[in-house]
Amino acid sequence: MTLEANFDTTGFQSINRGYNSVFRANRLSLGLVVPIENYTKGPVPEMHRHIERVQLAEALGFSAVWLRDVPFNVPSFGDAGQTYDPFVYLGLLAGLTDRIALGVASIILPLRHPAHVAKAAATADVLSGGRLILGVASGDRPDEYPALNIPFADRGARFRECFDYIRRMSDEQPDFDNAFGSPNGDIDMLPKPASGKLPLLVTGGSQQNPEWIAQNGDGWMIYPRHTVLQAQIIRDWQSRVEAAGRSPQPVMQPFYVDLAEDPETPPQPIHLGFRLGTHHLRDYLKLREEIGVNHIALNLRYNQTDIETTLKRLADDILPDFSG
């Protein structure tokens, strides 16, 4: 049995600078989840040297950094993310970086009005020179919904309406009917995305059927799974994309890493990842590349070694195999 998936060798669609640099057919690129720090004693990071570390990630050659949308610190969830509003933070990072893609994994669409998301996302895209990649999700923290007086059970339908509204805001003077509002073609929203379109990556199922995701997403964010199962999931996804009459779409996943000092340290499971040495990490990443994963966002929350040292070791020992 072969694990390798079939892909169009001509590459993925061209959307903007960020999307085009991160996602390449038959290749894996590496990014980092923000905050780039160890915080295991509680859900709230210190955000220690957070700007310097993003700038270091760019200098070292990582392809993207990924922010998260965590409106409330929900105790049962156990992670407050980078604590800052993602769009405000994107504006700051846009002005303090030059090349690295700025991703969000992911905006919880049902908790926001899509006009505000479209405006903020297009602004961040323009300010960064077309480096925004917008992951979108339906949300998995029920506690947040009553705080905003929004029914948790309706999030799937709200997600679809939000998604469509954001797509249509890239049009000139959009004219459409939507549950969130009906622009009538007499008004317009500015700015438009840098290249005319925002890349929208669907996260997990987002309360949608697989066919809808294959028909509408500019890519798919999935959780890490056993290699054989992950390969089957990706093959099924690309088959649905092809059946929808579309060219192949990229796949990305997060991966928690605790990088051991000894490069030969074998993998030891941690939350959604492993403690392991660079040799085994390279093997893991190469196998993911073979089965059709196009980008992995490394999360160093549980990393026990000095963060700057870890970033430099990853850049020296791992990035050369997954760049260019």
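Anything mentioned here points back to the structure above.
Let me sum up the structure you'll find in this document. (Residues numbered from 1 in each chain as written. Predicted model: local features only at pLDDT ≥ 70, side-chain atom pairs only at ≥ 80, totals over all residues. Heavy atoms only, no water.)

Turning to the overall build of the protein chain, a few remarks are in order. Within the protein chain, the regular secondary structure consists of 10 helices and 10 strands. Taken over C-alpha atoms, the radius of gyration comes to 19 Å for the protein chain, in line with the 20 Å a tight globule of 324 residues would show. For the protein chain, the C-alpha atoms occupy an extent of roughly 60 × 45 × 35 Å along the three principal directions. Per-residue burial for the protein chain yields a buried fraction of 54% across its 324 residues. The contacts in the protein chain between residues at least 6 apart in sequence include a share of 70% that link residues at least 24 apart. By element, 51% of the accessible surface of the protein chain is carried by carbon and sulfur atoms, the whole surface being about 13600 Å². Taken together, the 30 basic and 39 acidic charged side chains of the protein chain have centroids lying 1 Å from each other. (Helix = DSSP H or I, 4+ residues; strand = E, 2+ residues; numbered from the N terminus. Rg over C-alpha atoms; globule rule 2.2 N^0.38 Å. Buried < 20%, exposed > 50% of the residue type's maximum accessible area, 1.4 Å probe, protein only. Contact = heavy atoms within 4.5 Å. Areas by Shrake-Rupley, 256 points an atom, 1.4 Å probe, with all protein chains shown as cover. Lys, Arg positive; Asp, Glu negative; His and termini not counted. Charge placed at Lys NZ, Arg CZ, Asp CG, Glu CD.)

Moving on: the packing of helix H4 (residues 114-127) against helix H6 (residues 155-168). In contact at an axis separation of 9 Å, H4 and H6 are set at 45° when each is read in the N-to-C sense. Looking at the two axes, H4 sits oblique to H6. For the element pair H4 and H6, the recorded crossing hand is right-handed. Touching Pro114, Ala115, Val117 and Ala118 of H4 are Cys162, Tyr165 and Ile166, all from H6. Partitioning the contact of H4 with H6 into residue classes produces seven nonpolar, no polar and no charged. (Axes fitted to C-alpha atoms, helices over the stretch in contact; angles between N-to-C directions. Parallel < 35°, antiparallel > 145°, perpendicular 65-115°, else oblique. Left-handed = near helix turned anticlockwise from the far one by under 90°. Nonpolar A, V, L, I, M, F, W, Y, C, P; charged D, E, K, R; others polar.)

Moving on, we come to the side chain of Arg131. Counting through the fold element by element, Arg131 comes out in the loop between H4 and strand S4 (132-137). The side chain of Arg131 sits in the buried core without any salt bridge; Glu58 is the nearest counter-charge, 4.4 Å away. Side-chain polar atoms of Arg131 contact the backbone oxygen of Asp98, separated by 3.4 Å. (Salt bridge = Lys/Arg side-chain N within 4 Å of Asp/Glu carboxyl O. Polar contact = N/O pair within 3.5 Å; in protein donor to acceptor, adjacent residues only side chain to side chain.)

Here we take up the pattern of salt bridges. Summed over all chains, the structure comprises 17 salt bridges. A salt bridge links Asp171 to Arg168; its shortest N-O distance comes to 3.4 Å. Classification of Asp171 by relative accessible area gives partly exposed; the value is 35%. Residue Arg168 is classed as partly exposed on the basis of its relative accessible area, which comes to 27%. As a salt-bridge pair, Arg282 and Asp321 come within 2.8 Å of each other at their nearest N and O atoms. With Arg282 in helix H9 (residues 278-291) and Asp321 in the segment after helix H10 (307-317), this residue pair connects regions lying 39 residues apart in the sequence. Classification of Asp321 as partly exposed rests on a relative accessible area of 28%.

Summed over the entire model, instances satisfying the criterion amount to 12 aromatic pairs. Measuring from ring centre to ring centre gives 4.2 Å for Phe255 and Tyr284, while their planes differ by 10°; the resulting arrangement is stacked. Of the two residues, Phe255 sits in strand S7 (residues 251-259) while Tyr284 sits in helix H9, which places them 29 residues apart along the sequence. Residue classification places Phe255 among the buried residues on the basis of a relative accessible area of 1%. For Tyr284, a relative accessible area of 13% corresponds to the buried category. For the ring pair Tyr256 and Tyr302, a centre distance of 5.5 Å and an interplane angle of 40° mean the geometry is tilted. With a gap of 46 residues between them, Tyr256 in strand S7 and Tyr302 in the loop between strand S10 (295-299) and H10 connect regions that are remote in the sequence. We classify Tyr302 as partly exposed; its relative accessible area is 25%. Linked through ring pairs, Phe159, Phe163 and Trp212 together constitute an aromatic cluster. Arg141 extends its terminal NZ or CZ atom over the ring of Phe77, reaching a point 4.5 Å from the ring centre. (Phe/Tyr/Trp six-rings, centres within 6.5 Å; stacked < 30°, edge-to-face > 60°. Lys NZ or Arg CZ within 6 Å of the ring centre and 35° of its normal.)

It is worth spelling out the pairing of S7 at this point. Within S7, eight of the nine residues are buried, which leaves it mostly tucked inside the rest of the structure. Inspection of the sheet shows strand S6 (residues 220-221) paired to S7 by two bridges, in the parallel sense. Residue Met221 lies in a different strand from S7, and its bridge partner there is Met252. Here S7 runs beside S10; their pairing, made up of five bridges, is parallel. The partner of Gln253 across the bridge, within S10, is Ile296. (Pairing = 2+ DSSP bridges.)

The subject of this paragraph is unusual backbone geometry. With an omega dihedral of 10°, the bond running from Val34 to Pro35 counts as a cis peptide bond. With respect to the secondary-structure elements, Pro35 resides in the loop between strand S1 (29-33) and helix H2 (50-60). The step from Ala105 to Ser106 runs through a cis peptide bond, and the omega angle for that step is 5°. Relative to the helices and strands, Ser106 is located in strand S3 (residues 101-108). Notably, Asn26 is not glycine yet its phi reads approximately 65°, a positive angle. Secondary-structure assignment places Asn26 in the loop between helix H1 (17-22) and S1.

That's the geometry; what it means functionally is another story.
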